[in-house]
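Here is how the chains run, residue by residue.
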Amino acid sequence: MSQAPTPPPWPAPEPCNVAAALTRQARERPDAAAIHFPVGRRGNDVRYQSFSYAELDRESDAVARGLLAMGIRPGERAALMVPPGREFFVLFFALFKAGIVPVLIDPGIGPKHLKQCLGEAAPDAFIGITRAQLASVLLRWSPATIRHRVTVGPRLGWGGQSLARVAAMGRDAGDTPALCTTGPDDLAAILFTSGSTGPPKGVIYRHRQFHYQVEMLRDRFDIQPGEVDLATFPPFALFDPALGMTTVVPYMDPTRPARADPALLLDAIRRFGVTNVFGSPALLRNLGLHLEQNDETLDGVRRVLSAGAAVPTETVRRVAARLPDGARVHTPYGATECLPVASIDSAGLDDDVIAAAANGEGICVGTPVAPNLVFVMAVTDEAVPRLEPEHLLETDQVGEIIVHGPTATPGYWHRDSATERAVTVDGKGRAWHRMGDIGRIDEQGRIWFMGRKSQRVRAAGGDLYTDQLEAIFNTHPEVARTALVGVGASGEQRPVLCVEPRQPGRVKDEAFAGELRQALLDIASERDSTRAIATVLFHPGFPVDIRHNSKIGRETLATWAAGQLGGGSGS
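- The protein chain has the name AMP-binding protein in an unreviewed UniProt entry, where Marinihelvus fidelis is given as its organism.

Side note on the overall build of the protein chain
Right, on to step 1. When its secondary structure is counted, the protein chain shows 17 helices and 28 strands.
Right, on to step 2. Computed over the C-alpha atoms, the radius of gyration of the protein chain is 24 Å, within 12% of the 25 Å expected from 2.2 N^0.38 for a compact globule of 571 residues.
Right, on to step 3. Counting only C-alpha atoms and orienting by the principal axes, one finds that the protein chain spans roughly 75 × 60 × 50 Å.
Right, on to step 4. The buried share of the protein chain, reckoned over its 571 residues, is 56%.
Right, on to step 5. Residue pairs in contact within the protein chain that sit at least 24 positions apart in sequence constitute 68% of those at least 6 positions apart.
Right, on to step 6. As displayed, the protein chain offers around 23500 Å² of accessible surface, 50% of which is attributable to carbon and sulfur atoms.

Looking at the environment of Asp 352
Right, on to step 1. Tracing the sequence through the fold places Asp 352 in helix H13 (residues 351–358).
Right, on to step 2. With 40 residues separating them in the primary sequence, Asp 352 and Pro 312 have C-alpha atoms 15 Å apart.

Thoughts on the UniProt feature "domain: AMP-dependent synthetase/ligase" (unreviewed entry) in the protein chain
Right, on to step 1. Following the UniProt record, one finds the feature "domain: AMP-dependent synthetase/ligase" (unreviewed entry) at residues 23–413.
Right, on to step 2. What you have in residues 23–413 is 33% helix and 25% strand, and the ends, taken at the C-alpha atoms, are 30 Å apart.

Brief notes about the packing of aromatic side chains
Right, on to step 1. In this structure the tally under the stated criterion is 13 aromatic pairs.
Right, on to step 2. Arranged with centres 6.4 Å apart and planes meeting at 45°, the rings of Phe 126 and Trp 141 form a pair that is tilted. Taken together, the residues Phe 126 in strand E5 (residues 125–129) and Trp 141 in the loop between helix H5 (130–138) and strand E6 (148–152) connect sequence positions 15 residues apart.
Right, on to step 3. The exposure class of Phe 126 is buried, given its relative accessible area of 0%.
Right, on to step 4. By relative accessible area, Trp 141 is classed as buried at 4%.
Right, on to step 5. Aromatic ring contacts, followed pair by pair, group Phe 88, Phe 89, Phe 92, Phe 96, Tyr 205, Phe 210 and Phe 239 into a single cluster.
Right, on to step 6. A cation sits over an aromatic face here: Lys 201 above Tyr 412, 5.2 Å from the ring centre.

A look at the nonpolar core
Side chains that are nonpolar tend, in soluble globular proteins, to be buried together.
Right, on to step 1. With 86 residues, the main nonpolar core has Val 63, Leu 67, Leu 80, Phe 89, Ile 105 and Phe 210 as its most contacted residues.
Right, on to step 2. In terms of residue count, helix H3 (residues 86–98) provides more of this core than any other element does, 10 residues in total.
Right, on to step 3. In this view, Ile 105 contacts Met 81, Leu 114, Cys 117, Leu 118 and Phe 192; residues no more than four positions away in its chain are not counted.
Right, on to step 4. The next biggest cluster of nonpolar side chains, apart from the first, holds 34 residues, and it includes Leu 230, Met 252, Phe 272 and Val 353.

Description of the pairing of E6
Right, on to step 1. Judged by how many residues are buried, E6 sits mostly within the fold: 5 of 5 residues are covered.
Right, on to step 2. Both faces of E6 are covered, namely the face carrying His 148, Val 150 and Val 152 and the face carrying Arg 149 and Thr 151.
Right, on to step 3. For E5 and E6, the ladder comprises 5 bridges, and the chain directions are parallel. Paired with Ile 129 across the bridge in E6 is Val 152.
Right, on to step 4. You can see the chain leave E5, run along H5 and come back into E6, and the turn it takes is right-handed.
Right, on to step 5. With 2 bridges connecting them, E6 and strand E7 (residues 161–162) associate as parallel partners. Across the sheet, residue Thr 151 finds its bridge partner in E7, namely Ser 162.

Observations regarding the domain arrangement of the protein chain
Right, on to step 1. The domain boundaries assigned to the protein chain delineate domain 1 (12–205) and domain 2 (459–566).
Right, on to step 2. For domain 1 versus domain 2, the distance between C-alpha centres works out to 42 Å.
Right, on to step 3. Counting residues at the interface gives 8 residues for domain 1 and 5 residues for domain 2.
Right, on to step 4. Buried surface at the junction of domain 1 and domain 2, both sides included, amounts to about 530 Å², of which 48% is carbon and sulfur.

Points about helix H16 (residues 510–525)
Right, on to step 1. Given a rise of 1.5 Å per residue, 16 residues ought to cover 22 Å, and the 22 Å separating the end C-alpha atoms of H16 matches this to within 8%.
Right, on to step 2. For H16, the full list of buried residues reads Phe 512, Ala 513, Leu 516, Arg 517, Leu 520, Leu 521, Ile 523 and Ala 524. Considered in projection along H16, the buried side chains sweep an arc of 165° and stay on one side of the axis.
Right, on to step 3. The N-capping residue of H16, defined by a side-chain oxygen 2.9 Å from the backbone nitrogen of Ala 511, is Asp 509.

A word on empty space enclosed by the protein
Right, on to step 1. Taken as a whole, this structure holds 3 cavities of 30 Å³ or more when the rule is applied.
Right, on to step 2. Reported here for the largest cavity is a volume of approximately 210 Å³.
Right, on to step 3. Lining the largest cavity are 16 residues, with Leu 217, Phe 236, Phe 239, Phe 278 and Leu 305 sitting closest to its centre.
Right, on to step 4. Of all the elements in the fold, those that place two or more residues in the lining of the largest cavity are helix H7 (207–221), helix H9 (240–243), strand E12 (276–279) and strand E16 (338–343).
Right, on to step 5. Among the elements that make up the lining of the largest cavity, the one with the highest residue count is H7 (3 residues).
Right, on to step 6. For the lining of the largest cavity, the per-class residue count stands at 12 nonpolar, 2 polar and 2 charged.
Right, on to step 7. Each pocket or cavity is described by its volume, and for the second largest cavity that value is around 50 Å³.
Right, on to step 8. In terms of lining residues, the second largest cavity is bounded by Thr 232, Phe 233, Pro 254, Pro 257, Phe 278, Gly 279, Ser 280, Arg 547 and His 548.
Right, on to step 9. Of the residues assigned to the lining of the second largest cavity, the class counts are 4 nonpolar, 4 polar and 1 charged.

Notes on a nonpolar patch on the surface
Right, on to step 1. Taken together, the side chains of Leu 134, Leu 138 and Leu 139 define a hydrophobic patch exposed on the protein surface, amounting to about 270 Å² of accessible area.
Right, on to step 2. Within the secondary structure, Leu 139 sits in the loop between H5 and E6.

Looking at the pattern of salt bridges
Right, on to step 1. This model, assessed by the stated rule, comprises 38 salt bridges.
Right, on to step 2. For the salt bridge of Arg 208 with Asp 185, the shortest nitrogen-to-oxygen distance reads 3.0 Å. On the criterion of sequence distance, the pair formed by Arg 208 in helix H7 and Asp 185 in the loop between helix H6 (163–172) and strand E8 (187–192) is long-range, its members being 23 residues apart.
Right, on to step 3. Ionic pairing is found between Arg 456 and Asp 381, a salt bridge with its closest N-O pair at 2.9 Å. Of this pair, Arg 456 sits in the loop between strand E23 (447–452) and strand E24 (457–459) while Asp 381 sits in the loop between strand E18 (373–377) and strand E19 (386–387), and the two are 75 residues apart along the sequence.
Right, on to step 4. Exposure remark for Arg 456: the relative accessible area of 9% places this residue in the buried category.
Right, on to step 5. Of the residues examined, Asp 381 reaches a relative accessible area of 39% and is grouped as partly exposed.
Right, on to step 6. A cluster of three or more residues bridged by salt bridges with shared partners is formed by Arg 73, Glu 76, Asp 124 and Arg 147.

About the cut-offs
- Residues numbered from 1 in each chain as written.
- Predicted model: local features only at pLDDT ≥ 70, side-chain atom pairs only at ≥ 80, totals over all residues.
- Heavy atoms only, no water.
- Helix = DSSP H or I, 4+ residues; strand = E, 2+ residues; numbered from the N terminus.
- Rg over C-alpha atoms; globule rule 2.2 N^0.38 Å.
- Buried < 20%, exposed > 50% of the residue type's maximum accessible area, 1.4 Å probe, protein only.
- Contact = heavy atoms within 4.5 Å.
- Areas by Shrake-Rupley, 256 points an atom, 1.4 Å probe, with all protein chains shown as cover.
- UniProt positions renumbered as here; feature names shortened; annotations may be inferred.
- Phe/Tyr/Trp six-rings, centres within 6.5 Å; stacked < 30°, edge-to-face > 60°.
- Lys NZ or Arg CZ within 6 Å of the ring centre and 35° of its normal.
- Core = buried A, V, L, I, M, F, W, Y, C linked by side-chain atoms within 4.5 Å.
- Pairing = 2+ DSSP bridges.
- Right-handed = clockwise from strand over helix to strand, strands pointing away.
- Domains from an automatic or database assignment.
- Buried area = accessible area lost by both parts, 1.4 Å probe.
- Expected span 1.5 Å × (residues − 1).
- Arc of directions from axis to C-beta.
- Polar contact = N/O pair within 3.5 Å; in protein donor to acceptor, adjacent residues only side chain to side chain.
- 1 Å grid on protein atoms, 1.4 Å probe; cavity = no way out; pocket = protein on both sides within 12 Å on 5 of 7 lines; lining within 4 Å.
- Points joined across faces, edges and corners; volume = space filled by probe spheres on them.
- Nonpolar A, V, L, I, M, F, W, Y, C, P; charged D, E, K, R; others polar.
- Patch = residues over 30% accessible without salt bridge, like charges linked within 9 Å, V, L, I, M, F, W, Y side chains within 5 Å.
- Salt bridge = Lys/Arg side-chain N within 4 Å of Asp/Glu carboxyl O.

See the structure below:
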């Protein structure tokens, strides 16, 4: 960069460590449940166990001291591959308390990307279940850097210690509090992106970012101490102790939220008096359908949060209709690199907003979450070391969304070129994160999302933005969803509308398929923005991201579409 960013203007406590909230809760509410987690299932009967704040604090203290006794030093990095549950929460808070930097990588990205990510992160320790340890040894994940191993479960000859032994070592070391005095700008964690729109990257998190995420979530969504959170995406639940909430881990595979059984989710909500639900759009869709079909309600729930991809309006409205008076569905907008950026709730998704989306004006993601500053800059794929006034666009002009805020990452771990393309610095020395999203800001300060910059269709007549135009076609009653992709060379791409029908089997009928294709082409012909779309392909089920099962894999679809057109299919 041509100019180094100035220190952040947002104060944070010294020392600064999100694990301090757990110790505080243990002191103030020792016997209150910190976490309920499933330990078995027989039919529709799920057995849960509970962990109080005092127990979680005491156990994570012991593990923190044990990790240090093993020889892992504060500031060193530890890859953590443990499924959600008691051990995951104990280990995460233990790492924070010890000042050891957790490295979180989604195992669903596959062995090749896992090896790449671990090679970049170069962890000093590997903490994982038996299966993860076995894979790391056989596939040689960062063998040159991993000096310590902690196994949750049986060890099969790779050395190191079991988690039980580490906890015992910590208890033998004494019973003094283990909380490390980390500063706001000390490295707190490396969180890898899911790689849904490019290679996974390690996002740098400082302790300051975690502190402000807690503050911003509490203030924007009015979260009160004593609430109960259904944590279908476990990393978000790590904020719960700081927010004074009890965590409920439901019986589900968190890597496949679209397959979560809504009846079991509803059972957990009722059993533990859940007030806050967080779920991906795919999970929320299935829960909403279950509630509607069985005429059931979410009594006692104060808010539902959904993120990870654009949430369909029909899903928001379906779930909102099953909430008590005053409760709302919120769809916060952001990314691993900066969260939360903005948010809108079910009350804000009024008929005018929905009509605007259906008319191709973009997807409204709400107003910025304070104290974020959000602007739109001219679209470019190049690095912009210095943000000049002429880069910024006016109201309703379409460009790339940029954010200056306390939760924005300073960059990517060992990815200098990616950091240079993602961060720009203005004349006041303020660092702005480039979201990689196309959008606009209206006169009311609302942000309208148009699509990912990397997924825009580079056609001869100009760029076409995916989510903006797909919303137009998604209004057809026979369409479940659409995905706009480009086939061919950049600047001369052929726009192709991929369609996932509500009833995939019906498009096997050539007459029905022909009628639906023509109806969509007629819609395309009605607007200048969509007139270039002259090809429609039907797909039985879109590929989606591995983390939320909601982001459409347009890159994969583009390859598929190119193959279909090469074989003469489509129109």
